[in-house]
Amino acid sequence: MYQVPTTRTLLRTIRSIFPCRPKPAAYARAQIFLHGHKLRWWPRFLLILSIFFRARHTAALQYTESHQPYVVDHALGVHPVVLLPGNTCSQIEARLTDAYEPPSAFCAARKGDGRWSLLWKNITAPDAEVPCFADQLRLVYDQAAGDYGNAPGVETLAVSFGSTRGFLADDPVNKELCMGKLVEALEREGYRDGETLFGAPYDFRHAPAPAGQANRELSLFRRRLRALVERASRANGGKPVILVSHSQGGYFALDFLRWSPLPWRRRFVKHFVMASTGAGGFVLSMQGLAASIASSSSSVSSPSPADVLSLPSVGRTFASTFTALPSPIAFHDDKPLVVTRNRTYAARDMPAFLAAAGLPPYSVQLYETRALPVALNLGAPVVPVTCVNGGGVPTPEMLVFRNGRGNAPEVVYGDGDGVVNLASILGT
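Residues numbered from 1 in each chain as written. Predicted model: local features only at pLDDT ≥ 70, side-chain atom pairs only at ≥ 80, totals over all residues. Heavy atoms only, no water.

## Quick notes on the overall build of the chain
Broken down by element type, the chain carries 14 helices and 17 strands. The buried share of the chain, taken over its 428 residues, is 55%. Accessible surface for the chain amounts to roughly 18500 Å². Of this, 53% is attributable to carbon and sulfur atoms. (Helix = DSSP H or I, 4+ residues; strand = E, 2+ residues; numbered from the N terminus. Buried < 20%, exposed > 50% of the residue type's maximum accessible area, 1.4 Å probe, protein only. Areas by Shrake-Rupley, 256 points an atom, 1.4 Å probe, with all protein chains shown as cover.)

## Overview of the state of the cysteines
In the structure shown here, the tally under the stated rule is two disulfides. Between the sulfur of Cys89 and that of Cys178 lies a disulfide, 2.0 Å long from S to S. One quick way to see it: the torsion about the S-S bond of Cys89 and Cys178 is about -75 degrees, and its sign makes the bridge left-handed. Of the two residues, Cys89 is situated in the loop between β4 (81-84) and β5 (92-96) and Cys178 in the loop between α4 (172-177) and α5 (180-188); the sequence distance between them amounts to 89 residues. On the basis of relative accessible area, Cys89 is assigned to the buried category, the value being 0%. With its sulfur 2.1 Å from that of its partner, Cys107 forms a disulfide with Cys132. (Disulfide = S-S within 2.5 Å.)

## Things to note about the sheet that holds strand β13 (residues 338-339)
Reading across the sheet, the four strands line up as β14-β13-β16-β17 and stay open at both edges, with mixed pairing between neighbours. Single-partner strands in this sheet number two, and they are β14 (344-345) and β17 (410-414). Direction of pairing for β13 relative to strand β16 (residues 395-400): parallel, over a ladder of two bridges. Across the sheet, Val338 pairs through a bridge with Leu399, a residue of β16. (Pairing = 2+ DSSP bridges.)

## Thoughts on the side chain of Ser117
With respect to the helices, strands and loops of the structure, Ser117 is situated in strand β6 (residues 117-120). Within the structure, Ser117 has its side chain in polar contact with the side chain of Arg110 (distance 3.1 Å). In contact with Ser117, other than residues within four places in its own chain, are Ile92, Glu93, Ala94 and Arg110. (Polar contact = N/O pair within 3.5 Å; in protein donor to acceptor, adjacent residues only side chain to side chain. Contact = heavy atoms within 4.5 Å.)

## So, the pattern of salt bridges
Scanning the entire structure with this criterion turns up 13 salt bridges. Taking the shortest distance from any N to any O, the salt bridge between Glu129 and Arg110 comes out at 3.5 Å. One end of the pair, Glu129, is in the loop between β6 and α3 (130-137); the other, Arg110, is in the loop between β5 and β6, with 19 residues separating them in the sequence. Its relative accessible area of 15% is what places Glu129 among the buried residues. Of the charged contacts, one joins Arg192 and Glu195 as a salt bridge, the two residues approaching to 3.4 Å between their closest N and O atoms. Classification of Arg192 as partly exposed rests on a relative accessible area of 42%. Note on Glu195: relative accessible area 40%, which makes it partly exposed. (Salt bridge = Lys/Arg side-chain N within 4 Å of Asp/Glu carboxyl O.)

## Digging into the nonpolar core
Counting 74 residues, the largest nonpolar core has Leu225, Leu243, Val308 and Leu354 as its most contacted members. Among residues more than four places away in sequence, those in contact with Val308 are Trp120, Val130, Phe133, Ala134, Leu137 and Val314. (Core = buried A, V, L, I, M, F, W, Y, C linked by side-chain atoms within 4.5 Å.)

## Brief notes about the side chain of Asn215
Secondary-structure assignment places Asn215 in the loop between β10 (197-199) and α6 (216-235). For Asn215, the residues in contact, after removing those within four places along its chain, are Asp147, Ala207, Pro208, Ala209 and Arg370.

## Comments concerning the layout of surface pockets
Put simply, the second largest pocket is a space of about 520 Å³. Within the lining of the second largest pocket, the residues separate by chemical class into 13 nonpolar, five polar and eight charged. (1 Å grid on protein atoms, 1.4 Å probe; cavity = no way out; pocket = protein on both sides within 12 Å on 5 of 7 lines; lining within 4 Å. Points joined across faces, edges and corners; volume = space filled by probe spheres on them. Nonpolar A, V, L, I, M, F, W, Y, C, P; charged D, E, K, R; others polar.)

## So, the sheet that holds β6
Strand pairing in a sheet takes place through backbone hydrogen bonds and is either antiparallel or parallel in direction. As summarised here, the arrangement of the three strands in space is β6-β5-β9, forming an open sheet in which the pairing is antiparallel. Two strands in the sheet have a free side with no partner beyond their single neighbour: β6 and β9 (154-158). Direction aside, the axes of adjacent strands within the sheet are offset by 40 degrees on average. As judged from the five bridges shared by β5 and β9, these two strands associate in the antiparallel manner. In the strand pairing of β9, Ala94 is matched with Thr156. (Axes fitted to C-alpha atoms, helices over the stretch in contact; angles between N-to-C directions.)

## So, the packing of aromatic side chains
Within this structure, the stated rule accounts for 11 aromatic pairs. A centroid spacing of 6.5 Å and a plane angle of 70 degrees characterise the contact between Phe204 and Phe318, whose relative ring orientation is edge-to-face. Residue Phe204 is found in the loop between β10 and α6, and its partner Phe318 is found in the loop between α11 (312-315) and β13; the two are separated by 114 residues along the sequence. For the pair Phe204 and Phe318, one class covers both residues: buried. (Phe/Tyr/Trp six-rings, centres within 6.5 Å; stacked < 30°, edge-to-face > 60°.)

## Examining the pairing of strand β11 (residues 241-246)
With six of six residues buried, β11 lies mostly within the body of the structure. Residues of β11 alternate between two faces, with Val241, Leu243 and Ser245 on one and Ile242, Val244 and His246 on the opposite face, all of them buried. Pairing of β4 with β11 involves four bridges; the strand directions are parallel. Pairing of Val81 across the sheet is with Ile242, part of β11. Looking at chain direction, β11 and strand β12 (residues 269-275) are connected through six bridges and run parallel. Across the sheet, residue His246 finds its bridge partner in β12, namely Ala275.

Written out as structure tokens, the structure reads:
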């Protein structure tokens, strides 16, 4: 069980950067472990970030005699902060062109009107719109183009790029999950949205791809993020930015840094803080896919608009479905992750597991040729990095189907933050 580090210990850890894996020693990474679930330790994470920002920008921060919180002196300038939120925390709007072929007349209501409407997360929409959302959220892999894209006639965009206002933080649950409390904490310190604090929402349905493969959505995101970083730097006296990511945002940030020229990184990125990203994947990501093994039916009964991603016809089409699957690098070749009556599946057996879970052959092939090469070749970001992860919380480590189909698995727990396994944190 991990103990909560003291403030001084955390600060020393951040300051004493050390190489952490057998990669070229051109960057440094500090690893911080916090005891507790990935959501429960957000307040501690906010404290760490506040200390980090204050320690790094002492000349630009002032402390009052009445012991009020530090506030930013904008005349002196600070390093701007760019936030990348976690999975499903970015809102997505859609526009339907005349080329769209709706599954029903009801879903054709906005076809060709040129207007953008909220596609995710639309919690106020009636349940009758679930089939429409499902059809418009699904991705299609174009064999000729070698890339994922929307269904024909559907155009999408992430809401409010450049601002943190596009993050899903309207209700208490989403505020905890989607960086809402972090934004509030930084704004109390004096950071201002659009001036010193910026957001980089993204289309969470997509995922990084290996070099040489088409990836229009990620290419567009990288261009937009690069322009945002440069604009944030110019607006703050040319100071390099601090990138802060959570969960899936870490994969997008790593991809962005990997594709950015090294001189550009050295000029524009001061530090990268990656929170709760299991770069080696995690077993929990297999549980939804394993539902097809546990049940003779993969249907989801009467989902609401907020649950539309749980539909296999939606979630299984996403490129990001494969992103968090356990990597053979982090999880030992012979370590069982899923156990059934007929066989055992380790990380190296993922193609066989996906086939058993009911994914079509072309999806299994996409995992092998598109997702797996990325997981096996995560490159060093070549910028100063601080990783923040939770630990000491029971985390799914193995799924055991003792009674065959039609029965939920027995979950064997190990160490982690409740979602990300310790093996994923330390094994990459």
